[in-house]
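Now for the letters of each chain:
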Amino acid sequence: MQNEHLEQLVQERTARIAELEKHRLKMEKLAAIGELAAGVAHEINNPLAGIRNAFTLIRRHFPKNGKHYDKLELIDREIERISGITHQMYQLYRPSGQNVTQFSVTRLVDEVITLTQPLSQKSRVSVLLNVERLEQAGSLAGDEVCLRAGELKQVLLNLVRNAIQASSSEQNVVVSVLNETHQLTIKVTDHGHGISASVIKNVFDPFFSTKTETIGQGMGLGLSVSLRIVEAMQGTIEVNSEPGIETEFIVRFPRGVTTEDAAGSSE
């Protein structure tokens, strides 16, 4: 009986070591791709800045009744889209410059829901907040955490936008907040088309996307950047999906991350 127990422990430890090694290799790959992406983004940003400045001058002097004036807004949006893509590429590698602060989780989620309203209204999708339970924990009030507020907001904006885009008209996206004694858990759930088992393991890979069939969407950087941000704050992110039924992204953080811990994890 004891030998069976020891054998089981050895198997569990071996499986754990293999899992950690797999994770290490994935992080090395992400770091290498991120460094390459950051270099490309830097090289693109320089001529892009020149294009933007020249376009601003041309637009300023272009008569509003001139032919094709309406195309200027399209050009401006496309320049902005390129800028957003290069910014995401840079974030795959760039160490965070944000400080850890204490803030209200539900207030931050409310701000995310407000910022995604134009997309949700256009898609006729409702985004709902569900606060499951709040507890007092040491020096932090029940609704307070110590994290990088701006980066957490960026992660949630990406997850909520993805959930809205995956949903059909009249469906709901639910953001659930569970603030326990030592851990913050946030779930973003939609009931859209879902992610098939054959590709779900790749959703956090750089430049992988399930939205490439839609023009203007699906560069496949948002979830990669989100993974980097979450892990830099000592957190985890995972996804579960039943195609046609439900997709759920779950992010977990320690409620309090010191500036030193967060800085060390991003090196």
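Residues numbered from 1 in each chain as written. Predicted model: local features only at pLDDT ≥ 70, side-chain atom pairs only at ≥ 80, totals over all residues. Heavy atoms only, no water.

**Focus on the pairing of strand 3 (residues 144-147)**
Neither face of strand 3 is open: one carries Glu 144 and Cys 146, the other Val 145 and Leu 147, and all of them are buried. Note that strand 1 (residues 101-104) and strand 3 share 4 bridges and pair antiparallel. Its bridge partner lying in strand 3, Ser 104 is registered against Glu 144. (Buried < 20%, exposed > 50% of the residue type's maximum accessible area, 1.4 Å probe, protein only. Helix = DSSP H or I, 4+ residues; strand = E, 2+ residues; numbered from the N terminus. Pairing = 2+ DSSP bridges.)

**Quick notes on the pattern of salt bridges**
By the definition in use, this model includes 8 salt bridges. Residue Lys 71 pairs with Asp 70 through a salt bridge whose shortest N-O separation is 3.4 Å. A relative accessible area of 38% places Lys 71 in the partly exposed class. Judged by relative accessible area, which is 53%, Asp 70 ranks as exposed. For Glu 170, the salt bridge identified is with Arg 124, shortest N-O distance 2.6 Å. With Glu 170 in the loop between helix 5 (149-166) and strand 4 (172-179) and Arg 124 in the loop between helix 4 (117-123) and strand 2 (126-134), the pair connects residues that are 46 residues apart, well separated along the chain. Side by side, Glu 170 and Arg 124 carry an identical accessibility label, which is exposed. Salt bridges sharing common partners tie together Arg 59, Glu 73 and Asp 76. (Salt bridge = Lys/Arg side-chain N within 4 Å of Asp/Glu carboxyl O.)

**Some points on helix 3 (residues 105-115)**
Taken together, the buried positions of helix 3 are Val 105, Thr 106, Leu 108, Val 109, Val 112 and Ile 113. Taken end-on, helix 3 shows its buried residues confined to a sector of 160°, consistent with a single buried face. (Arc of directions from axis to C-beta.)

**As for the packing of helix 5 against helix 6 (residues 222-232)**
At a closest axis distance of 10 Å, the pairing of helix 5 and helix 6 adopts a crossing angle of 145°. Taken as a pair, helix 5 and helix 6 cross one another with a handedness that is left-handed. Residues Glu 151, Gln 154, Val 155, Asn 158, Leu 159 and Asn 162 of helix 5 touch helix 6, and the partners they reach there are Gly 222, Leu 223, Val 225, Ser 226, Arg 228, Ile 229 and Val 230. Per-class residue counts for the contact of helix 5 with helix 6 are 6 nonpolar, 5 polar and 2 charged. (Axes fitted to C-alpha atoms, helices over the stretch in contact; angles between N-to-C directions. Left-handed = near helix turned anticlockwise from the far one by under 90°. Contact = heavy atoms within 4.5 Å. Nonpolar A, V, L, I, M, F, W, Y, C, P; charged D, E, K, R; others polar.)

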